[in-house]
Amino acid sequence: MSLFHHLVVSRSLPVWLSFCLIFLVLLARPQKEALQVKVGIVLDTNVTLADLSLRAINMSLSEFYNTHNGFKTRIVLDIRDSKRTVVGAAASALYLIKKREVVAIVGPGNSMQAPFLINLGNQSQVPIISFSATSPLLDSLRSPYFIRATHDDSSQVNAISAIIESFRWREVVPIYVDNEFGEGILPYLVDAFQEINVRIRYRSAISLHSSDDGIKKELYKLMTMPTRVFIVHMLPDLGSRLISIAKEIGMISKGYVWIVTNGIADLMSLMGESSLEDMHGVLGVKTYFSRSKELMYFTTRWRKRFGGEELNNFECWAYDAATALAMSIEEISNVNISFNKTKINTSREDIGTDLDDLHVALSGPKLLQALTTVSFKGVAGRFQLKNGKLEAKTFKIINIEETGERTVGFWRSEVGLVKSLRVNQTGIKISDSLRTITWPGDTTFVPKGWELPTNAKKLRIAVPKKDGFNNFVKVTKDENTNALTITGFCIDVFDNVMRQMPYAVPYEYIPFETPDGKSRGSYDEMIYNVFLGEFDGAVGDTTILANRSHYVDFALPYSETGIVVVVPVKDEREKGEWVFLKPLTKELWFLTSAAFLYIGIMVWIFEYQANDDFKGQTILDQVSDVFYFSFSTLFFAHRKPSESVFTRFLAVVWCFVVLILTQSYTATLTSMLTVQELRPTVRHMDDLRKSGVNIGYQTGSFTFERLKQMRFDESRLKTYNSPEEMRELFLKKSSNGGIDAAFDEVAYVKLFMAKYCSEYSIIEPTFKADGFGFAFPLGSPLVSDISKQILNITEGETMKAIENKWLLNEKRCLDSTTSDSPIQLDHHSFEALFLIVAVVSMLLLLGMLASRRYQERQPADMNSPPRDDDDMRTPTSPPSNDEIRTPTSLPSEDQVHEPPAMNQGQADAPDAQDQLLNDEGSNVGDRNTIVGDPALFHRRHLTTSKSIPFGRIALPSRIKSA
């Protein structure tokens, strides 16, 4: 008005210009003023974080209404100081609702102050919007009027567990502030670690008001424990004190692992440089905001407006919360925003409380609906509530150094740990999931996560007290000094393993026995006492079983696995009148007989074509000669020469086959008659069940339960404690209260068989078992290191030396085997030989047929001998009868011998003989040919010798001389 008055009374301006200015001023005034909506703020004023959050809220509302000047509503903030107490926050909220009638409250500043405000808002239907109360315990209140415009602490536990799993740490210790904020994350940490089989050895709760001496005392307690992985969940003021004291006493050094949650990592900007120096090598899980355009513009405006004040995550959430509230209030601008002021009547004696006349906001349901559905792209990312809170999908993994923080990776809900968000990484190996990390002590070597403290007591290792099978574990006590001596195969293995460990582990053996020196119970009871904490481990012939793994962790097995059945054997050398048939199987006997018949048929074919004498015989004589020849090859007695070259070649091949067959038969028959054959009295486990004989098992062994599971009668099961007792039970047999079979593990059976293998045998099948293993409490970090050393020992010569010392020193016939059936020669062993015979015979048959066909195709005149040219021109005159009948010289008495017998047919045919002589003498050329060709003469002589009488034996000589 002062400017208007000045313009009106001034004479320097014309009157018309004054009226124009008045018109413009009136035109610029809004027709209707914006609705003023009261919103309460409950924060700890005069606190850095709260002051920065208030700046962000005011900045958000100012910028929002500047860009939305047409909105019908305007938020008016009513700020109340909670005085850093729960009561102060409750009183402030009650005042804002009753006296100021605010439609919503932004706050409180921490999780401890939130429960009362949440219940108050739920009763009065006033939404409580918090950007800094992150405890998951607040969800248990189940109030729909509580809006968490931030992430709760449980969203980061998967990122923490991924880090623990990536470095294979087996134990952790959470260190947390002892209030609602610190305790809220614990149930979620426990669940996450159980999924990856990580044990929480101890929970360290530190009060917010603890002194430095109290914190130091707690840290000294942690130093006495083997765990070296600590997870810190608290706010920066207490966290900086904790880290500083830990460094002072030497816990921020080589071998330690410190991981801080976002309670510290998100507010590192509020910590001094000295705190950052103390945290050198610490890992942190920090809330990640994507570098959006909105965030970059907001950061620029913040720095321009507030100078060097660094922006943190809570300012971003406060900025977006104010924006969401302004948008939601504008959406319900047409809704009645007043309160229902119903007053509760009280008696005169009851003066009532401030909650008796608590007002109810009529706009509450509509405003709550608008808040849960509002969605926009804010400076902290997409603002969209899910189950009344913002959802976190990405966290940044930082490595704190003296100069600040360094990003070493990210955690994404879809893929887990990754080095970078620039590429879509999946299936990354554990060793490549993070960049190089500088650990406490300024080293890049990954700490193993645990170590035995220097002042730690010795591990109490339980060993079983056994009455037998002392080769595995033997406990002896000196009667004079009561000094214990524990030896055996299992003890030597464990001692060698512990000597090869990369660090010293003091331990002592404690026998699992009663004061009078007897066994305290079974192996299961010994394992259960490890679970109860009486012992720190168990060493002995303890089998790894599934039910035992519920109570302890086993290292890798160091013995052979499996359960077998032992039965006696008996000598069953072949005897009887038909033993000579046993070397060959039925199939081979049949094949051999068929081969002899086949050879006889082939010989008959070859001889029938080449031997004229063979043709002249009867069928019976032919068959007998052929098969006599075939079967006589067994003894190589085939002396009768054959006329066919094909028969001779076939005989050579067949004799080779017969030689191999007879020699094999002889060797097998000799073995059956002379060599001892040991066979088990029982062939299979099913035979034991059907026969109902007694079965032995070792006292205290789990094999008893296995036998019951296989439905063996419990009354038929007998126990033994040593190989000697086992032997005695076998000798008694079931009929005298003994056993006919034993059911035990391979290691024990090998020890028994080393002494008595000539009398007993192992039958099928072999049942599954995991062998002997060392037992330790669940989650023990020793298990992985001991397993590695067991592998080194079993793969080297050390294990062989230990086995030779304890298990194989009595080995005499351990590798002997028995057979369930006699060794016989079958047809498979000789298939190649018989195939060779068949192929050769077929080739010879084809050769014979081809030769015969070739001879039939020759011209008939090729069969007559050729004549000389002189004989063709001048035929020789035939000799006279006198010349024929009168020999030039007669044979002497010495030259002519009367044959012992004459063929009757020859004597009866003199005329035919004379006619033959005339035919021979009719042609001189023929005579010359006969004399010149000895082979032809011999063949002709064979033909005529049967018909020419001995009285005329001199005729050929006379023909030759002529």
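Residues numbered from 1 in each chain as written. Predicted model: local features only at pLDDT ≥ 70, side-chain atom pairs only at ≥ 80, totals over all residues. Heavy atoms only, no water.

1. What to know about the overall build of the chain
Logical step 1: Regarding its fold elements, the chain presents 35 helices and 31 strands.
Logical step 2: Within the chain, the fraction of its 962 residues that count as buried is 45%.
Logical step 3: A fraction of 73% describes how many contacts in the chain between residues 6 or more apart in sequence connect residues 24 or more apart.
Logical step 4: Total accessible area on the chain is roughly 52200 Å²; 53% of this is exposed by carbon and sulfur atoms. (Helix = DSSP H or I, 4+ residues; strand = E, 2+ residues; numbered from the N terminus. Buried < 20%, exposed > 50% of the residue type's maximum accessible area, 1.4 Å probe, protein only. Contact = heavy atoms within 4.5 Å. Areas by Shrake-Rupley, 256 points an atom, 1.4 Å probe, with all protein chains shown as cover.)

2. Some thoughts on the sheet that holds strand β1 (residues 35-43)
Logical step 1: Pairing within the open sheet is parallel, and its 5 strands lie in the order β2-β1-β3-β4-β5. Edge positions in the sheet fall to β2 (73-81) and β5 (146-148), since each has one partner strand and no second. Recorded for the sheet is a direction-independent mean angle of 25 degrees between the axes of neighbouring strands.
Logical step 2: Bridge analysis of strand β3 (residues 104-106) against strand β4 (residues 128-130) gives 2 bridges, and the strand direction is parallel. Bridging across to β4, V106 finds its partner in I129.
Logical step 3: Across the sheet, helix α3 (residues 48-67) touches β1, β2 and β3, and the angle it forms with β2 is around 170 degrees. (Pairing = 2+ DSSP bridges. Axes fitted to C-alpha atoms, helices over the stretch in contact; angles between N-to-C directions.)

3. Focus on the side chain of N313
Logical step 1: Note that N313 resides in helix α14 (residues 313-331).
Logical step 2: Within the structure, the side chain of N313 is placed 3.1 Å from the side chain of D266, a separation counted as a polar contact. (Polar contact = N/O pair within 3.5 Å; in protein donor to acceptor, adjacent residues only side chain to side chain.)

4. With respect to the packing of α14 against helix α15 (residues 364-373)
Two measures define how a pair of helices packs: the angle their axes make with one another and the distance between the axes.
Logical step 1: For the pair α14 and α15, the least separation of the axes is 9 Å and the interaxial angle reads 130 degrees. If you check the angle between α14 and α15, you find them oblique. Remark: the crossing between α14 and α15 carries right-handed chirality. Packed against α14, whose contacting residues are A324, L325, S328, I329 and E331, the element α15 presents L367, A370 and L371 at the interface.
Logical step 2: Per-class residue counts for the contact of α14 with α15 are 6 nonpolar, 1 polar and 1 charged. (Parallel < 35°, antiparallel > 145°, perpendicular 65-115°, else oblique. Left-handed = near helix turned anticlockwise from the far one by under 90°. Nonpolar A, V, L, I, M, F, W, Y, C, P; charged D, E, K, R; others polar.)

5. What to know about helix α6 (residues 157-166)
Logical step 1: For α6, the tally of buried residues reaches 8 of 10 residues, placing the bulk of the element in the interior.
Logical step 2: Once α6 finishes, R168 follows within two positions and takes phi at roughly 60 degrees, a positive value.

6. Remarks on the nonpolar core
Logical step 1: Ranked by size, the top nonpolar core spans 66 residues in total, and within it F472, F489, Y558, V566, F774, L782 and I786 carry the most contacts.
Logical step 2: At 8 residues, helix α25 (residues 746-756) tops the list of elements feeding residues into this core.
Logical step 3: With residues up to four places along the chain from it excluded, the contact list for F774 reads C490, V493, F494, A538, V539, D553, F554, A555, Y558, I786 and I790.
Logical step 4: Listed in part, the 51 residues of the second largest apolar core include L43, L311, Y319 and A326. (Core = buried A, V, L, I, M, F, W, Y, C linked by side-chain atoms within 4.5 Å.)

7. Quick look at the side chain of S734
Logical step 1: You can see S734 is positioned in the loop between α24 (723-732) and β29 (741-745).
Logical step 2: Residue contacts for S734: discarding those within four places in its chain leaves V693, N694, I739 and D740.

8. Digging into the pattern of salt bridges
Logical step 1: The full count for this structure, using the stated rule, is 25 salt bridges.
Logical step 2: Taken together, the salt bridges that share partners define one network made up of D139, R148, D152 and K389. (Salt bridge = Lys/Arg side-chain N within 4 Å of Asp/Glu carboxyl O.)

9. Concerning the UniProt feature "transmembrane region" (unreviewed entry) in the chain
Logical step 1: Per the UniProt entry, the sites bearing "transmembrane region" (unreviewed entry) are residues 12-28, 588-606, 649-673 and 832-850 in this numbering.
Logical step 2: The span residues 588-606 is 100% helix and 0% strand, and its two end C-alpha atoms sit 27 Å from each other.
Logical step 3: Its end C-alpha atoms 37 Å apart, residues 649-673 is made of 100% helix and 0% strand. (UniProt positions renumbered as here; feature names shortened; annotations may be inferred.)

10. Side note on the confidence of the model for the chain
Logical step 1: When pLDDT is averaged along the chain, the result is 80, and 77% of the positions lie at 70 or above.
Logical step 2: A low-confidence stretch, residues 427-431 stays under pLDDT 50, and its non-local contacts, those more than four residues away or across chains, total 6 contacts. (pLDDT = per-residue confidence, 0-100.)

11. Concerning the pairing of strand β16 (residues 394-401)
Logical step 1: With 8 of its 8 residues buried, β16 lies for the most part within the structure.
Logical step 2: Here 5 bridges tie strand β11 (residues 283-287) to β16, and the two strands are oriented antiparallel to one another. Bridging from a neighbouring strand, T287 pairs with F395 of β16.
Logical step 3: Looking at chain direction, β16 and strand β17 (residues 404-412) are connected through 8 bridges and run antiparallel. If you follow I397 over to β17, its bridge partner there is G409.
Logical step 4: The antiparallel pairing of β16 with β17 creates a hairpin that spans 2 residues between the two strands.

12. Points about the environment of E101
Logical step 1: With respect to the helices, strands and loops of the structure, E101 is situated in the loop between α4 (86-98) and β3.
Logical step 2: With 259 residues separating them along the chain, E101 and V360 place their C-alpha atoms 9.2 Å apart.
Logical step 3: Aside from chain neighbours lying at most four places away, what touches E101 is K38, L96, F339, K341 and H359.

13. Section: the pairing of strand β19 (residues 459-464)
Logical step 1: Along β19, 5 of the 6 residues are buried, which leaves the element largely enclosed by surrounding structure.
Logical step 2: In the sheet, β19 pairs with strand β22 (residues 507-512) via 6 bridges, with the strands oriented parallel. When the bridges of β22 are listed, R460 appears paired with E508.
Logical step 3: Relative to strand β23 (residues 537-538), β19 runs parallel, the two being bridged by 2 bridges. The residue bridging A462 from the neighbouring strand is A538, located in β23.

14. What to know about helix α13 (residues 293-306)
Logical step 1: Between its terminal C-alpha atoms α13 stretches 20 Å, which fits the 20 Å expected from 14 residues at 1.5 Å a residue.
Logical step 2: Those residues of α13 that sit buried are L295, F298, T299 and W302. Along the long axis of α13, the arc covered by the buried residues comes to 105 degrees, so they all point the same way. When the buried face of α13 is taken as reference, the exposed residues oriented beyond 90 degrees from it are K293, Y297, T300 and K304.
Logical step 3: Positive phi appears at G307, one or two residues downstream of α13, with a value of about 70 degrees. (Expected span 1.5 Å × (residues − 1). Arc of directions from axis to C-beta.)

15. Notes on the environment of I605
Logical step 1: Considering the arrangement of structural elements, one finds I605 in helix α18 (residues 586-610).
Logical step 2: Between the C-alpha atom of I605 and that of S644, which follows or precedes it by 39 residues, the distance is 9.9 Å.
Logical step 3: Those residues within four positions of I605 in sequence are excluded, and the remaining contacts are L845 and M848.

16. With respect to unusual backbone geometry
Comment: phi is negative for the bulk of residues other than glycine, and the bulk of peptide bonds are trans.
Logical step 1: Cis geometry is adopted by the peptide bond preceding P108, which originates at G107 and carries an omega value of 0 degrees.
Logical step 2: Within the fold, P108 resides in the loop between β3 and α5 (114-124).
Logical step 3: Its identity as a non-glycine residue notwithstanding, Q125 has a phi of 60 degrees, on the positive side.
Logical step 4: With respect to the secondary-structure elements, Q125 resides in the loop between α5 and β4.

17. Considerations on a nonpolar patch on the surface
Logical step 1: A cluster of nonpolar residues, Y528, F531, L532, Y551 and L778, forms a patch on the protein surface that exposes about 460 Å² of accessible area.
Logical step 2: Given a relative accessible area of 39%, F531 falls into the partly exposed group. (Patch = residues over 30% accessible without salt bridge, like charges linked within 9 Å, V, L, I, M, F, W, Y side chains within 5 Å.)

18. Quick word on the packing of aromatic side chains
Logical step 1: Tallying each qualifying case throughout the model produces 39 aromatic pairs.
Logical step 2: Ring geometry for W169 against W439: centres 5.8 Å apart, planes inclined by 80 degrees, an arrangement best described as edge-to-face. Here W169, found in the loop between α6 and β6 (171-177), pairs with W439, found in the loop between β18 (416-418) and β19; they are 270 residues apart in sequence, far enough to count as distant. W439 matches W169 in its accessibility class, with the two residues each being buried.
Logical step 3: Each ring, one from F494 and one from F774, has its centre 5.0 Å from the other, and the planes form 75 degrees; the classification is edge-to-face. Here the residue F494 occupies a position in helix α16 (residues 489-499), and F774 occupies one in the loop between β30 (760-767) and β31 (775-777), the gap between them amounting to 280 residues. (Phe/Tyr/Trp six-rings, centres within 6.5 Å; stacked < 30°, edge-to-face > 60°.)

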